Amino acid sequence: MSFDADVIARLGQLRRYARALTGDPAWADDLVQDTAERALARETAFRAGSNLRAWLFTILRNLYIDQLRARREFAVDDESAPWRNLEAPRSEVDGLVLHEVQQALYHLPVEQREVLLLVCVEELSYQEAATVLGVPIGTVMSRLCRAREHMRVLLGGEPTHESPPLKVVRNTRSTP
């Protein structure tokens, strides 16, 4: 497969991620187009044998951040954000649940939402997500844990702040 064909094959995944980031179909489409254009124009910057999907997600995320800065929309979690008013499909039986999940997702801090989308929706490994986000793998794991806990609470579940049961460890060394 050629590089161009590989990029084209990832457009659906890029659109899903862009749509989840922005909550706006038109903006998401523009981001995907800009990402594809940039990737194809900079094919020589891609290291053969590395992860194309992670590279494309990184480009998309960087474009998204640049566009937020250009629009001066630093407070993307405010109440007037476009995704606050998105409606779940009315024809689906699970539309209400989908709507609740969608609303909870957009109540997460951006850092948690990004990790949750990359790992749980796009199925990137922790290492791939860390590469896309430019953070250590431990940060990805921590943000994901907090995002899952936050989603659980937002969806009406009980927090799981239980302390794990302690394991009794006996000192088996004999004293001289």
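The structure displayed is predicted, hence computed values, not measured ones. (Residues numbered from 1 in each chain as written. Predicted model: local features only at pLDDT ≥ 70, side-chain atom pairs only at ≥ 80, totals over all residues. Heavy atoms only, no water.)

A. Just a nonpolar patch on the surface, in detail. The grouping of V101, L154 and L155 at the surface amounts to a nonpolar patch, some 210 Å² of accessible area in total. Secondary-structure assignment places V101 in helix α5 (residues 95-105). V101 sits in the partly exposed class, given a relative accessible area of 34%. (Patch = residues over 30% accessible without salt bridge, like charges linked within 9 Å, V, L, I, M, F, W, Y side chains within 5 Å. Areas by Shrake-Rupley, 256 points an atom, 1.4 Å probe, with all protein chains shown as cover. Salt bridge = Lys/Arg side-chain N within 4 Å of Asp/Glu carboxyl O. Helix = DSSP H or I, 4+ residues; strand = E, 2+ residues; numbered from the N terminus. Buried < 20%, exposed > 50% of the residue type's maximum accessible area, 1.4 Å probe, protein only.)

B. Broad picture of helix α8 (residues 137-154). The end-to-end C-alpha distance of α8, which contains 18 residues, comes to 25 Å, matching closely the 26 Å that a straight helix rising 1.5 Å per residue would cover. Of the residues making up α8, those classed as buried are V140, R143, L144, A147, E149 and M151. A positive backbone phi angle near 90 degrees is found at G156, which sits one or two residues after α8. (Expected span 1.5 Å × (residues − 1).)

C. Region of the structure containing the packing of helix α6 (residues 110-121) against helix α7 (residues 126-133). Running from N to C, α6 and α7 point in directions that differ by 135 degrees, and their axes come no closer than 9 Å. By the criterion of interaxial angle, the relationship of α6 to α7 is oblique. Handedness of the crossing formed by α6 with α7: right-handed. The segment α6 lies against α7, with E114, V115, L118 and V119 engaging Y126, A129, V132 and L133. Residues belonging to the contact of α6 with α7 are distributed by class as follows: seven nonpolar, no polar and one charged. (Axes fitted to C-alpha atoms, helices over the stretch in contact; angles between N-to-C directions. Parallel < 35°, antiparallel > 145°, perpendicular 65-115°, else oblique. Left-handed = near helix turned anticlockwise from the far one by under 90°. Contact = heavy atoms within 4.5 Å. Nonpolar A, V, L, I, M, F, W, Y, C, P; charged D, E, K, R; others polar.)

D. Structural detail: the side chain of R61. Here R61 is to be found in helix α4 (residues 52-71). R61 sits in the buried class, given a relative accessible area of 13%. The residues contacting R61, other than those within four sequence positions of it, are Y17, E114, V132 and L133.

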